[in-house]
Each structure stands twice: as structure tokens, then as C-alpha cells.
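# Remarks on the overall topology
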Amino acid sequence: MKYAIVIPDGCADEPQQSLGGKTPLQAARKPNMDRVARTGIVGRSNNVPAPLTPASDVATLSLFGYDPLAVYTGRAPLEAAAMGIPLGPNDWAIRCNLVNIENGEMRDFTAGHITSDEGRPLIEAVHNALGGGAAGGRLEFHAGVSYRNILVYRADKSAPFSGDTRTQPPHDIPDRPIGDHLPKGPGGDLLRQLMERSRAVLAEHPVNKSRVEKGKRPATQIWLWGQGKAPTLEPFSRKYGKRGAILSAVDLVRGVGVLLGWKRIDVPGATGYLDTDYAAKGRYAVAALPDHDLVCVHIEAPDEASHEGKADEKVKALERIDEHIVGPLLEALPKGGEWRILVSPDHRTPLRTRAHAYGMVPFTIAGTGIASKGQPAYDEAVAEKSDLAFEKGHELMRLFLG
């Protein structure tokens, strides 16, 4: 049997006045997702168990069938895996955003969606100034995609961090004062010092000067969060008996797939933003089906739209996912014999708060062996009425695989 998973990141939401009292899922024209719902089943799952932070790292592990309470160690180690950065048993990876802070407030957690070509020299400058030897180890800054980068603390014996170290995702404090959200606990002083010192490094950098001249926001400093040690995950092929492939422009999601033993497939034109090439993702996903039991396509755009508070863009992103990804997969899957498809966000990202949130998210499954329940559409309201609910989101995978 062939399986496909489509993840419209953060698409679960609340009714919006600007959308006539509908959620983005309800407002979007999505005939293919609704076809999955009508011919299959709609339910809901809780992918972020308390006390873990609602974010794609925790939620994606759940969606892929792994209990995050048992295996989660932090966000950054997953991204490090996607970037091919090895971690020793005592090493810690830490997410390193390039951000824009104005008047002590988090103005833009993406530094104006800075490009990778611009971000790389900035991170290299930070590494040259702040990297190298540190008490008990050494610091390495690694450039990633756009504003998303990684700091690695290579510990001689042990690092200053622990499970009590507390950091805050910058995307959860949009346009808010940063003072109460700085790193705390073991190693927090080191992280705060690095963040503070990065300001002087970036202030006069030619890349930032050029961005300002063009009317773009500069990267005013780094923001450190999502720390953790390398996790140990049982390969998906051993746990579930299926060979998988992952298509995503986000290192975090790629990293989860890599650690599960899935093949990473990079798609030209995939940006992790609203301007991603949806059609290319659809083509590459269909092309991957013959060589893999399971193909997963992750699309960040709905989540980004929520972070920016743009309801209309969230609707457009969902419509493009439906047309260019879900549609082609629905056409291709039956040609290979028995098949199933799952459409589900990882977590909720309400437009009202512009931040990730706890709570159930709607999913829909159709295909071989899935009897229709006669549900009319794929959205939050239909899912809420369903008697199919998984309080432990990682248990959904067993139902999907059959």
C-alpha cells in the first residue's frame, strides 16, 4: 500500500470576522481536501501534550507516530540533524534566529524574511566574533535557511544547560517586549550574553546596511532558544515497517524525517514561506511515490500567514495546497494499487494571537479500507462533531497505516 501525508502547518484556527465568521479552512475553496473528507473520515487529535511547548517539533513527532513525552529532547537537535551537523553525547544544539528588535520589542522574528544569501555572512560574522572556546567547551554557529540557524555547544565533559533551562520561541512574542522572555535557568546567562553581544557584531555589517538602504528590516541580533541534546528515535521502518520520504523547506521537519530514517527530498523553489512553489512540491511528491511506501509533504505557509496575522493569505495558501499538492496526490495514489492519504496540521496557530497554541487539530483520512462516515467537509467544525478523537496524537499513525 502507498501512503501520503500532507501537513498544512498551523492551519487549524478560529472563526474570523474578516472571513464572515468562518475559519480559514472553512473559507478556503478546497475541493480535494473536502473530497478526502466525504469519501473517508474526519476526526481530531491532540499532538502537543502538556507540559511541552506547542510547536512543530513536538507536534510533528506526534503526527509521525512517536510519543514526544518519551522521545523529545528539544527543537534545535532536530534541525541540526537536517543540516548534517553531528552531535556528540555531551553536545547541545540551540536554535539561533536572526531577528529584528525595535525599542525592546520583537518586531520581526524573521528579520524581514532575510534571505539565506544574506543570513550566511551575518552568521559567519557572529561565529568569528563569538564562536570558539568557551568555559567547558566551544561554540559553533552554523548558517541554515533564511533566518533559521544553529548554535552548537561542544562540551568537553558537560554543558551548562539542563532540562530546567528555559527559552522562548521568538515567533510567540510578536510585537511584545522581550525583557520577560529572555533565557532563564542553567546556562541562561551565557545565552543572554551571546544575544546581547551579537548586537554590536551585526549593527554595522554591510548586509544590514544594504537592507536598510533598500527599506528592509535589518537583523539586529540573534535570538537563542529550542536547546537540546541529540534524541534517540527508533527508525520508522523498524517501528512501523514502512520506508518514508520527507519533503519540506523547514530544517526542523526535515530533521525529524532524517532521524526517523526517511529520505530527505529537497524541492527547488520550496521556501518555507507564502511564496513557496506549491506545484513543484506536488510534482516531487508524486514522483517519490513509486520508490517509497510513505511520502510526507510539509507546507509552512499557513503557519507563516498566521504569524503575520494575514487571514486572506492563509486562505490562499490552503487553496494552493489543495490544488497543487492534495489534488495531484489523489490522482496519482490509486494508480499504484492500494492507497491512503492523511491531511492534518501539526498544531494550531490562531490568527488572533499570531502564535502556536495547544488544542485538538482536525485530520482527514481516505483510501483503501477507510469507510466513509458521510462527513461533508474538512474543517474544525466537522472534526469537533466527530466521535473519532485521539487525546494522544501519536496513536493516530496506527489507524492511518491500518
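Above this note sits the structure.
Keep in mind the model is a prediction, meaning the values are calculated, not measured.

Cut-offs and rules
Residues numbered from 1 in each chain as written. Predicted model: local features only at pLDDT ≥ 70, side-chain atom pairs only at ≥ 80, totals over all residues. Heavy atoms only, no water. Phe/Tyr/Trp six-rings, centres within 6.5 Å; stacked < 30°, edge-to-face > 60°. Helix = DSSP H or I, 4+ residues; strand = E, 2+ residues; numbered from the N terminus. Buried < 20%, exposed > 50% of the residue type's maximum accessible area, 1.4 Å probe, protein only. Lys NZ or Arg CZ within 6 Å of the ring centre and 35° of its normal. Polar contact = N/O pair within 3.5 Å; in protein donor to acceptor, adjacent residues only side chain to side chain. Contact = heavy atoms within 4.5 Å.

What follows concerns the packing of aromatic side chains. Tallying each qualifying case throughout the model produces 9 aromatic pairs. Taking the centre distance of 5.3 Å and the plane angle of 70° together, the rings of Tyr3 and Phe400 count as edge-to-face. Here Tyr3, found in strand β1 (residues 2–8), pairs with Phe400, found in helix α15 (residues 396–401); they are 397 residues apart in sequence, far enough to count as distant. We classify Tyr3 as buried; its relative accessible area is 2%. Ring centres 6.1 Å apart and planes at 50° place the aromatic pair Phe363 and Phe390 in the tilted group. In this pair, Phe363 is assigned in strand β13 (residues 361–367) and Phe390 in strand β14 (residues 389–390), connecting sequence segments 27 residues apart. Neither residue differs from the other here; Phe363 and Phe390 are each classed as buried. Joined through ring pairs, the aromatic side chains of Phe64, Tyr66, Phe236, Tyr240 and Trp262 make up one cluster. The lysine or arginine in question, Lys239, covers the ring of Tyr66, its NZ or CZ lying 5.3 Å from the ring centre.

With respect to the helices and strands, Glu79 occurs in helix α5 (residues 75–82). A distance of 2.7 Å separates a polar atom in the side chain of Glu79 from a polar atom in the side chain of Arg95. Not counting the four nearest positions on each side in its chain, Glu79 is found in contact with Arg95, Ile150, Asp251 and Leu252.

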